[in-house]
Amino acid sequence: MDELKLSVASSPHASHPVGTQSLMRDVLIALIPAMAMGIYVFGFRALIQTIVSVIFCEIFEWGYCKLMHKPIPCKDLSAAITGVLLVFVCPVTLPYWTIIIGDFFAIVIVKQLFGGLGTNFLNPALAGRAFLMLSYPVPMTTWALPGQANWAPLGMSVGQDYIDAFTGATPLSIDYMKNAEDALNLTASQFSLGDMFIGNIGGTVGEVSAIALLIGGIYLICRGVIRPRIPVAYIATVAVLTLIFSRSGGHFDFVWMLREIFAGGLFLGAFFMATDYVTSPNTPKGEIIFGIGAGLLVVFIRYFGGYPEGVCYSILVMNILVWLIDKATMPARFGVTKEMRQAEKEAAKAAKKAAKEGSEA
Amino acid sequence: MNVKKQFWDGLITQNPVLVQLLGMCPTLAITTSLFNGLGMGLSVLIILTCANVVISALRKIIPNKVRIACYIVVIASFVTMVDLLLKAFVPALSKSLGLFIPLIVVNCIILGRAEGFASKNGIGASALDGIFQGFGNMVALTIMCVIREFLGAGTFGGGLLNGGKGIQILPPDTVALGMILPVGGFLTLGVVIAAVQYFMNKPKKTKEVAK
């Protein structure tokens, strides 16, 4: 996109060096804190997984474009982001070949078959995760426990021992399995609120540390890469709902609310996935509707659904609804007043009525 | 009506599943093993051919206003025959296809061919049309079955070869369960249709450029 140097446009002739590549680079920079926490909590395997995933995403993108005689977009780094995000939403114990299948699904099926960057209707990384979740349910829900990271670089190939030795439940899956009142006690003894904020809990590679994701998100907002409307609407909806309908016994339990916000992939989804330009609405009103809808779905899935965590599916469902949101919140043309629109509507109604009467007669 | 064109129409250019997009319900639901696909394809082939012949023979007697009801009566009688025959001689297939055998009555491939072809053409042409369209349907189902079974269960020829288990190609730990689920049906159908369209349109384009 930024390769286009010759452009004929009316004034003002302001140019800005921002293109796909520089935006994507900013997103990658914003993901560094979360990556660092992932490596700190889960060990070197997280890093190697990310590198493998990025390389294969770029290979699949390059291969498809080469095969279809399309311009090769490897420079724009969007496939690299898909690769990183896919690893971030998968457990660290996942075998490498599974990640590669997820990369293939994300890049070729979800992104390129629908026309490549800019025309994919689903977030590729999340769709890849959804497919892996369907296809490999057991490895996808085998969570490594924190603080027992295998620091030896060779540890990554140990396989079965490594996987079996240090797995446990995430805060959300504990909530899901136990009934709500025991869950708070159990979780409170196992993971404190501070642990959940810093990231010393079980979960997928990228989602564990709320603070690292928050730093990345604030960096993106400050750089102007994302607008804060979607993440704020999204997290606020979850916060309000979990505050009002706390499941820890009483209502208005702030501890429960904070736990629900820090647990799972809410921050990762809100800052890095729901805000994907291609799969989020274009209008300010639409962005807020998108965020609120996704927030509602997260709480519904966590409270009543078949999975302990609902961030992935909430964003995917809202992605599918983006065209509708865009259509419903389409801004008025410049210069059109309320009265003119009213008149237009009435004229259309009258015409419809006339047509109906005509056909009846 | 030339036979060669009818054959290619049935197999590729007017393939009932991949081009006309008819009979989606069994295509998505039962294509999980080779045995199911072949069984369904053969049943449809037989019913389609018989129904086409009878409807073509009756085309001057059937009043235009009640033609769909008449077609359904003819089709339903053949479906009942096939259903009972399968129950008697191939109970395994009858069990694994279940409801989808009686549902052939309202399969749009058969109704579509009756309405679109058999009611306007002679008996011979209609019989050939039934065979070719049924064959095209069978090939499409078989392709979907082979792909989905290979990716979703790691086997080939499930229900048919190796005592009904099929030949294990991929290790069972590495198979993508999603491909056996309905999701996999939609994905496979989409990809197969895309591939067929790609290869059908390819030679035409190069010719246009050459001109």
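Bear in mind the structure is a predicted one, so any value in this text is a computation, not a measurement.

Caption draft 1: Local environment of the overall build of chain B. From N to C terminus, chain B includes 8 helices and 2 strands. Beginning at the N terminus, the succession of helices and strands in chain B can be written as α-α-α-α-α-α-α-β-β-α. Taking all 211 residues of chain B together, 43% fall into the buried category. Residue pairs at least 24 apart in sequence account for 75% of intrachain contacts in chain B once pairs closer than 6 positions are excluded. Split by element, the accessible area of chain B, about 10600 Å² in all, is 73% carbon and sulfur.

Caption draft 2: The arrangement of the environment of B:Val53 in detail. All names here are of chain B. Within the fold, Val53 resides in helix H3 (residues 34–57). Given a relative accessible area of 28%, Val53 falls into the partly exposed group. Between the alpha carbons of Val53 and Ala127 there is a distance of 5.4 Å; along the sequence they are 74 residues apart. Excluding anything up to four places from it in sequence, Val53 contacts Ile123 and Ala127.

Caption draft 3: Geometry of the state of the cysteines. Taken as a whole and assessed by the stated rule, the structure comprises 0 disulfides over all chains. Not engaged in a disulfide, the cysteine B:Cys25 finds its nearest cysteine sulfur in B:Cys108; these two sulfurs lie 8.8 Å apart.

Caption draft 4: Inspection of the packing of helix H4 (residues 67–89) of chain B against helix H6 (residues 108–118) of chain B at higher detail. Residue and element names in this part refer to chain B. Put simply, H4 and H6 touch, their axes get as near as 11 Å, and they point 125 degrees apart. Here H6 runs oblique to H4, going by the angle between their axes. The handedness of the crossing between H4 and H6 is right-handed. In this structure, H4 uses Arg67, Ile68, Tyr71, Ile72 and Ile75 to contact H6, whose residues at the interface are Ile110, Leu111, Ala114 and Glu115.

Caption draft 5: How the structure looks around the nonpolar core. By size, the foremost hydrophobic cluster in this structure holds 82 residues, and its most contacted members are A:Leu85, A:Phe88, A:Tyr234, A:Ile261, A:Leu266, A:Phe267 and A:Phe272. Apart from residues no more than four positions distant in its own chain, A:Phe267 is found in contact with A:Ala210, A:Leu213, A:Leu214, A:Ile235, A:Ile261, A:Phe262 and A:Phe272.

Caption draft 6: Molecular detail of the packing of helix H4 (residues 78–88) of chain A against helix H5 (residues 96–112) of chain A. Residues and elements named next belong to chain A. Interhelical geometry of H4 versus H5 gives an angle of 135 degrees and a closest axis separation of 10 Å. Regarding the angle of H4 to H5, the classification is oblique. Where H4 crosses over H5, the two elements pack in a sense that is right-handed. Across the interface between the two elements, Ser78, Ala79, Thr82, Gly83, Leu86 and Val87 of H4 pack against Ile99, Gly102, Asp103, Ala106, Ile107 and Lys111 of H5. Here the contact of H4 with H5 is built from residues that sort into 6 nonpolar, 4 polar and 2 charged.

Caption draft 7: View of a positive patch on the surface. Residue and element names in this part refer to chain A. On the surface, Lys285, Lys338, Arg341, Lys345 and Lys349 cluster together into a positively charged patch. Top element by residues in the positive patch is helix H19 (residues 338–360). It accounts for 4 residues. Residue position: Lys349 is located in helix H19.

What counts as what
- Residues numbered from 1 in each chain as written.
- Chains lettered and ligands numbered in written order.
- Predicted model: local features only at pLDDT ≥ 70, side-chain atom pairs only at ≥ 80, totals over all residues.
- Heavy atoms only, no water.
- Helix = DSSP H or I, 4+ residues; strand = E, 2+ residues; numbered from the N terminus.
- Buried < 20%, exposed > 50% of the residue type's maximum accessible area, 1.4 Å probe, protein only.
- Contact = heavy atoms within 4.5 Å.
- Areas by Shrake-Rupley, 256 points an atom, 1.4 Å probe, with all protein chains shown as cover.
- Disulfide = S-S within 2.5 Å.
- Axes fitted to C-alpha atoms, helices over the stretch in contact; angles between N-to-C directions.
- Parallel < 35°, antiparallel > 145°, perpendicular 65-115°, else oblique.
- Left-handed = near helix turned anticlockwise from the far one by under 90°.
- Core = buried A, V, L, I, M, F, W, Y, C linked by side-chain atoms within 4.5 Å.
- Nonpolar A, V, L, I, M, F, W, Y, C, P; charged D, E, K, R; others polar.
- Patch = residues over 30% accessible without salt bridge, like charges linked within 9 Å, V, L, I, M, F, W, Y side chains within 5 Å.
- Salt bridge = Lys/Arg side-chain N within 4 Å of Asp/Glu carboxyl O.
- Lys, Arg positive; Asp, Glu negative; His and termini not counted.
- Charge placed at Lys NZ, Arg CZ, Asp CG, Glu CD.

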